[in-house]
Amino acid sequence: GAVVSQHPSWVICKSGTSVKIECRSLDFQATTMFWYRQFPKQSLMLMATSNEGSKATYEQGVEKDKFLINHASLTLSTLTVTSAHPEDSSFYICSASGQATYEQYFGPGTRLTVT
Amino acid sequence: GNSVTQMEGPVTLSEEAFLTINCTYTATGYPSLFWYVQYPGEGLQLLLKATKADDKGSNKGFEATYRKETTSFHLEKGSVQVSDSAVYFCALWFSGGYNKLIFGAGTRLAVHP
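These notes cover the structure that comes with them. No experiment lies behind these values; they were computed from the predicted model shown. (Residues numbered from 1 in each chain as written. Chains lettered and ligands numbered in written order. Predicted model: local features only at pLDDT ≥ 70, side-chain atom pairs only at ≥ 80, totals over all residues. Heavy atoms only, no water.)

**Quick notes on the state of the cysteines**
Residues and elements named next belong to chain A.
Here's step 1: Summed over all chains, the structure comprises two disulfides over all chains.
Here's step 2: Two residues share a disulfide in this structure: Cys23 and Cys94, whose sulfurs sit 2.0 Å from each other. Given an S-S torsion of about 80 degrees, the disulfide between Cys23 and Cys94 has right-handed geometry. Of the two residues, Cys23 is situated in strand S3 (residues 19-25) and Cys94 in strand S9 (residues 90-97); the sequence distance between them amounts to 71 residues. (Disulfide = S-S within 2.5 Å. Helix = DSSP H or I, 4+ residues; strand = E, 2+ residues; numbered from the N terminus.)

**Focus on the side chain of Ser25 of chain A**
All names here are of chain A.
Here's step 1: Position of Ser25 among the secondary structure elements: in strand S3.
Here's step 2: With a relative accessible area of 4%, Ser25 lands in the buried category.
Here's step 3: Polar side-chain contacts of Ser25 include one of 2.9 Å to the backbone oxygen of Phe28.
Here's step 4: Every residue in contact with Ser25, bar those within four places of it in the chain, is listed here: Val3, Val4, Ala30, Met33, Leu74, Thr75 and Ala96. (Buried < 20%, exposed > 50% of the residue type's maximum accessible area, 1.4 Å probe, protein only. Polar contact = N/O pair within 3.5 Å; in protein donor to acceptor, adjacent residues only side chain to side chain. Contact = heavy atoms within 4.5 Å.)

**Regarding the sheet that holds strand S7 (residues 56-59) of chain B**
Residues and elements named next belong to chain B.
Here's step 1: Sheet architecture is open: four strands sit in the order S3-S9-S8-S7, paired in antiparallel fashion. The open sheet has two edge strands with one neighbour each: strand S3 (19-21) and S7. The sheet shows a mean angle of 15 degrees between the axes of neighbouring strands, direction not considered.
Here's step 2: Sheet analysis places strand S8 (residues 62-65) next to strand S9 (residues 75-77), joined by three bridges and oriented antiparallel. Pairing of Glu63 across the sheet is with Glu76, part of S9. (Pairing = 2+ DSSP bridges. Axes fitted to C-alpha atoms, helices over the stretch in contact; angles between N-to-C directions.)

**Overview of the interface of chain B and chain A**
Here's step 1: Across the boundary between the two partners, chain B contributes 16 residues, which contact 17 residues of chain A.
Here's step 2: In total, chain B and chain A occlude about 1300 Å² of area from one another, counting both sides; carbon and sulfur atoms represent 58% of this.
Here's step 3: Seen at the junction of chain B and chain A, the total is two salt bridges.
Here's step 4: Here Glu103 of chain A makes a salt bridge to Lys49 of chain B, at a shortest N to O gap of 3.2 Å.
Here's step 5: Looking at the side of chain B that touches chain A, the elements with two or more residues in it are strand S5 (32-38), strand S10 (86-93) and strand S11 (101-103) of chain B.
Here's step 6: Its residues assigned to classes, the side of chain B that touches chain A shows eight nonpolar, five polar and three charged. (Buried area = accessible area lost by both parts, 1.4 Å probe. Salt bridge = Lys/Arg side-chain N within 4 Å of Asp/Glu carboxyl O. Nonpolar A, V, L, I, M, F, W, Y, C, P; charged D, E, K, R; others polar.)

Honestly, that's just the spatial picture; any functional story needs more than this.
Set out below in structure tokens:
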């Protein structure tokens, strides 16, 4: 099946710094990539949807200036958490899809801890 | 609004026991329904899906039937194995512009020998 990787798998950063998370589709071209956030024992919440070469579409309540998403190629999307604060600590998951956007392939997730 | 409700876990079973994980949804219109599974340390994987009422999705011994009258998509397996231990997510999808998956909270399953 299609494989999606994320890097890093976990990161700890100090409050006020920025962190970049990469999401790569390893064996297919991802027309669309999705970024989710998951709180402990809670569901995945969609943060934004990005199409290659276009600006990301953010869900209501997600600060686009805080969570910068770039989808520069068909195999790579990045999420940058800018000026991170402890409340940004969470598990961030990306997924990628081809033409059929309901068939999403998920990365293993990145755990961010902001101290 | 559109939402998915799953039974709370964890669900703890002995090997070869029968499994049911309940999932109900609230939606305007007729969504497609999915079960995803997340094994420890891995990303979510699509387990099965159903795109219209009365469809039955099945995979790896798991089954779920799309019941429009009860707005449910319960996951079942006749005989679980230790290797089925994972977190299971029910999700719905609308096509035609909405284009996003809405997930339930997930149900952790632990199967003991």
